[in-house]
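# Summary of structural features
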Amino acid sequence: MSDPLPRTDRPTRAETEEAIRTLLRWAGEDPTREGLHDTPARVARAYEEFFQGYEIDPKTLLERTFSEVDGYDEIVLLRDIRFESHCEHHLAPIIGRAHVAYLPRKRVVGISKLARVVDAYARRMQIQERLTAQIANTINDVLQPHGTAVIIESSHECMTTRGVHRPGVSMVTSQMLGTFRTNSDTRRELMAMLNRPAASEY
Ligand SMILES: [Zn+2]
C-alpha cells in the first residue's frame, strides 16, 4: 500500500466538514437542523480516531526487543487481540480478533507491542487479507523470527447491515511465514494453543 498522504496534502478541517454536510444532504437530511449542527465536526474527529494508523510507523513499535530469554525458542502467541477497522470499499466497520504468533530467534518483543502493530494497521482503510499480511510481514521483517503467523477472524458490517445482509458470518484469514508455513508440526502446535481455553476462563 502506498504511504499515507503528508498532512499538507490533506483537505482542511473546514473542507472535510463541508464534505460531511454533503453526505448528510445525500442521505436526505437537512444539515442545518439543530441535531445535526455539530455532526460534521464530530465525524471529522471520529475519522481522526478511526484512521490514526496513518500517523504511526508500525516498524518503530517493534524496535525495542529483549534478548535475556534463557534460550526460550518456542512459540509466543498473543491471541484474541480485539481490533476495529474499516473496509476500504464501504467505509463500514470491521470488528474482529487477531491472533499473532512468532517463533523467536534469540530476542523477544514486549507483548503489548504486538497488539499495537495490529492497531496501527487496523486503524486504516483496509481489506482483511491485506491487514493480515501487513501485520505478519512487519513482525517478520523487524524481528526476523523463525516464523510468524497471523490469524484474523472478523465480522464485516458492510456485509451484515447492507448488501447481502448476512449477520453472524465471520471471515477468517491467515498468513503463515517461515516455519509456520513450512512445518506442519509447528502449525499444528499453534492450532492446539489457539484452541486451549482462554486464561480468563481458568
Ligand atoms: Zn465493505
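Remember, predicted model here, so these are calculated numbers, not experimental data.

## Quick notes on the nonpolar core
Among the nonpolar cores identified, the biggest contains 31 residues, and L62, F83, V100, Y102, L114, I135 and I139 are the most heavily contacted of them. Among the secondary structure elements, those contributing two or more residues to this core are β2 (76-87), β3 (93-103), β4 (108-109), α4 (111-122), α5 (128-143) and β6 (147-156). Non-local contacts of L114, meaning those with residues more than four positions away in its chain, are made with L62, L78, V100, Y102, V109 and I139. Counting 10 residues, the second-largest nonpolar core is a separate cluster that includes I75, A101, F180 and M193.

## Some thoughts on the UniProt feature "binding site: Zn(2+)" (unreviewed entry) in the protein
As recorded in UniProt, the feature "binding site: Zn(2+)" (unreviewed entry) lies at C87, H90 and C158. Spanning 72 residues, the named residues form one tight spatial group whose C-alpha atoms are at most 7.7 Å apart. Turning to its location among the elements, C87 is positioned in strand β2. In this structure, C87 is in contact with A92, I94, Q126 and C158, ignoring residues within four places of it in sequence. Counting through the fold element by element, H90 comes out in the loop between β2 and β3. What H90 contacts, discounting residues up to four positions off in sequence, is C158 and R162.

## Details of the coordination of the zinc ion
Surrounding the zinc ion are the protein donor atoms C87 (SG), H90 (ND1) and C158 (SG), which sit 2.2 to 2.3 Å from the metal. One chain supplies every donor for the zinc ion, spaced along it as C-x2-H-x67-C. Given the relative accessible area of 4%, C87 is considered buried. What makes H90 partly exposed here is its relative accessible area of 38%.

Thresholds, definitions, all that
- Chains are numbered independently. Their residues run from 1 in the order of the written sequence.
- Under the rules for a predicted model, residues below a pLDDT of 70 receive no local features and side-chain atom pairs below 80 are neither given nor counted, while totals for whole chains, interfaces and linings still include all residues.
- To obtain the side-chain values, all non-hydrogen atoms of the structure were included, while hydrogens and water were left out.
- Only buried residues count toward a nonpolar core, which is a set of Ala, Val, Leu, Ile, Met, Phe, Trp, Tyr and Cys residues joined through side-chain atoms within 4.5 Å.
- Residue burial is assigned from relative accessible area. The probe radius is 1.4 Å, only protein chains are included, and a residue is buried under 20% of its type maximum, exposed over 50%, and partly exposed in between.
- The helix count covers DSSP runs of H or I at least four residues long, the strand count covers runs of E at least two residues long, and both are numbered beginning at the N terminus.
- Residues count as neighbours in contact if any of their non-hydrogen atoms are within 4.5 Å of one another.
- UniProt positions are given in the numbering used here, feature names are shortened, and annotations may be inferred rather than shown by experiment.
- Each metal site lists N, O and S donors within 2.8 Å (3.2 Å for Na, K and Ca). With water left out of the atoms, a site can look as if it is missing ligands.

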